[in-house]
Amino acid sequence: MNRRPTYDVDLYSNEVVVNPYPHYRAIRDLGEAVWLEQHSMWAIGRHLDARNALSAHNIFISGKGVAANNLSNGNSPGNLLASDPPLHTHLRKVVSKPLHPKALARIKPRIEASAGSLIDRLLARKSFDGILDLAQFLPISIVSEMVGLPDAGRRNMLEYAAAVFDLFGVDNTRTEAALPIVIKMRKYLSEQATRDKVLPEGWIAGLYDAVDLGLIKQEQVQTLMRDYLGPSLDTTIFAIGHLLHLFGQYPDQWKLLRQEPNRVGNAINEAIRLESPIRGFTRVLSQDYTIGGIKLFTGDRVLILYASANRDERRWDEPEKFDICRVLTDHVGFGYGIHQCVGMQLARLEMRSVLTAMIARVSKIKILGAPVYAKNNVLRGLETLPIKFSR
Ligand code: HEM
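Here is a short report on the structure shown in this document. (Residues numbered from 1 in each chain as written. Predicted model: local features only at pLDDT ≥ 70, side-chain atom pairs only at ≥ 80, totals over all residues. Heavy atoms only, no water.)

### Describing the nonpolar core
By size, the foremost hydrophobic cluster in this structure holds 115 residues, and its most contacted members are F60, L134, F247 and F389. Top element by residues in this core is helix α19 (residues 344-361). It accounts for 10 residues. Grouped together as the second largest cluster of nonpolar side chains are 16 residues, V16, L36, A68 and L303 included. (Core = buried A, V, L, I, M, F, W, Y, C linked by side-chain atoms within 4.5 Å. Buried < 20%, exposed > 50% of the residue type's maximum accessible area, 1.4 Å probe, protein only. Helix = DSSP H or I, 4+ residues; strand = E, 2+ residues; numbered from the N terminus.)

So this is what it looks like as structure tokens:
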């Protein structure tokens, strides 16, 4: 007989958003796939099953949207995130162009120098906010410029991005509050993110160039802008915030990283594993799918919980521990398969630059008070983190 494990908790309530991990454990323990009573969709929380689902992109499709509400899913298809092959394969070539390591090599020296002088300035202060003064700095001062919106739009990118991620959740008050912000930004984009107004070297200008080359149609430009505007800032800000918070909580790991700086790449992966900035996206089943004796049906929506898979005790020893020596080749914090994060090299470059600048200068990271978690339907990260560095 088919099993149908169920879980009757609102995964998007404030309480769960701030501390989702006990609920993810409960979901993992209930089974390979669990029916979420309050959201009428399945959740996959175990590492192996999440990886299998993400690699079966012809069964777990993105083209019907990756949000958990119908309104957003009805509006989103057509961009890279919410498309399937062959369209996805084609769009990925266009969108990824400015995010390849070769393209990033040009801005690497600027990011590294900027990170160095930032850490110098912060060391001179008695205390500072780890998010507003540190984590936001590179994404806002450099990445937002690379995206290439005119100034007014650039200033609103953070508000817009947070709203976009809220809209990936279920219908709730956060989604309701986000909708007018996203509508306003879309109006702005259609009127102001025009070829003559965007920065000529920016990523958005690259989309207009792709139109000239016959790679995409003019009307696709605005849809594809979303692949840059939504995920390029907050995700990385939250990841840098998590790094700071974790190293502040684990001074032995900071000492170890300073002794063995070649572990920087691994430390970044470990922070993304343990505190995944994107908790989960959904897919729709294009055919029936059986998993561990649990039958899911064509058309069912499935929430794939990266943040849960990354703490699955079936995969990781002591999953709740921050350990920069852990072997980490298969975490899913950047996703997995064809939709794996197209901006991850940029995100890694920013994180690496911050950590490398800190390794050379900061001997002690002291957290001065309780951090405040942002309340977002999909993102997990800190809003504020009072902190102090010592040489
Ligand atoms: C630490 C920072 C970041 C994290 C944790 C992150 C995480 C993710 C995850 C989990 C996915 C998979 C989505 C899926 O399975 O449907 C994804 C996809 C994506 N990310 Fe990131 N991301 C980060 C930074 C960035 C940056 C800086 C950009 C720059 C534009 C970006 C652009 C995208 C895009 C366009 C996709 C869709 C790719 C596709 O569908 O083929 N991300 N990201």
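### Quick look at unusual backbone geometry
P86 follows P85 through a cis peptide bond whose omega is 5 degrees. With respect to the secondary-structure elements, P86 resides in the loop between α4 (70-75) and α5 (87-96). A positive phi is found at S40, a non-glycine position, where the angle reads about 50 degrees. The residue S40 is located in the loop between β2 (34-36) and β3 (41-44) in this model. The phi torsion at E318 lies on the positive side, around 40 degrees, for a residue other than glycine.

### Some points on the coordination of the iron atom of the ligand
Reference values for angles at a metal are 109.5 degrees in the four-donor tetrahedral case and 90 or 180 degrees in the six-donor octahedral case. From the protein, the iron atom of the ligand takes a single donor atom, C341 (SG), 2.3 Å away. Mapped onto the secondary structure, C341 falls in the loop between α18 (306-309) and α19. (Donors = N, O, S within 2.8 Å, 3.2 Å for Na, K, Ca; no water.)

### Points about the site of the ligand
By nearness alone, 27 residues border the ligand, and H88, R92, Y306, H339 and C341 come closest of all. In this structure, R92 approaches the ligand through a side-chain N or O atom, which is 2.7 Å from an oxygen atom. Every element with two or more residues in the shell around the ligand is listed here: α5, α15 (234-249), β6 (280-285) and α19. The element contributing the most residues to the shell around the ligand is α15, with 3 residues. Residue composition of the shell around the ligand, by class: 16 nonpolar, 8 polar and 3 charged. (Near = heavy atom within 4 Å. Polar contact = N/O pair within 3.5 Å; in protein donor to acceptor, adjacent residues only side chain to side chain. Nonpolar A, V, L, I, M, F, W, Y, C, P; charged D, E, K, R; others polar.)

The analysis is restricted to geometry; functional conclusions fall outside its scope.
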